[in-house]
Amino acid sequence: IVPVIGALILLIWIVAVAVWRYSSGGAIAAFVLFPVIALGMGTDWLFQLFSVLVSGLILLRHKENLVRLWRGTEPKIGQRSAAV
């Protein structure tokens, strides 16, 4: 919808993954910052609401990843996950 914001979110994801090697951590970092970026770029209230809702959905979707990150059991990129 707003290519500049989309590019910034993608850049945040790439940097976070490069630093931490967690794809889910990159997504979480990017979408926590999505509403901040939307607000900082002066988007209208409807887009800001959209950014909060999308970020909330992404965070809900990554709930199990957040728990694994907190516990230190989330596999890094290139690392095999433990068998379930």
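Residues numbered from 1 in each chain as written. Predicted model: local features only at pLDDT ≥ 70, side-chain atom pairs only at ≥ 80, totals over all residues. Heavy atoms only, no water.

Can you help me understand helix H2 (residues 23-40) in this one?
The α-helix advances 3.6 residues per turn, and as a result positions three or four apart in sequence lie on the same side. With 18 residues, H2 should reach 26 Å at 1.5 Å per residue; the first-to-last C-alpha distance of 25 Å fits that figure. Burial in H2 covers these residues: Ser24, Gly25, Gly26, Ala27, Ile28, Ala29, Ala30, Phe31, Phe34, Ile37 and Ala38. Considering only its buried residues, H2 is in contact with helix H1 (3-20), helix H3 (45-61) and helix H4 (63-71). Just beyond H2, the residue with positive phi is Gly42, at close to 70°. (Helix = DSSP H or I, 4+ residues; strand = E, 2+ residues; numbered from the N terminus. Expected span 1.5 Å × (residues − 1). Buried < 20%, exposed > 50% of the residue type's maximum accessible area, 1.4 Å probe, protein only. Contact = heavy atoms within 4.5 Å.)

What is the right way to look at the packing of H2 against H3 in this model?
Two numbers describe a pair of packed helices, the interaxial angle and the distance between the axes. Contact pair H2 / H3: the axes reach a minimum separation of 8 Å and the direction vectors enclose 170°. Taken together, the axes of H2 and H3 are roughly antiparallel relative to one another. Across from Ala27, Ile28, Phe31, Val32, Phe34, Pro35, Ala38 and Leu39 in H2, the residues of H3 making contact are Phe47, Gln48, Phe50, Ser51, Val52, Val54, Ser55, Ile58 and Leu59. The residue inventory of the contact of H2 with H3, partitioned by class, reads 14 nonpolar, three polar and no charged. (Axes fitted to C-alpha atoms, helices over the stretch in contact; angles between N-to-C directions. Parallel < 35°, antiparallel > 145°, perpendicular 65-115°, else oblique. Nonpolar A, V, L, I, M, F, W, Y, C, P; charged D, E, K, R; others polar.)

Looking at this structure, how should I read the side chain of Ser51?
Relative to the elements of secondary structure, Ser51 occurs in helix H3. At 2.7 Å, the side chain of Ser51 forms a polar contact with the backbone oxygen of Gln48. (Polar contact = N/O pair within 3.5 Å; in protein donor to acceptor, adjacent residues only side chain to side chain.)

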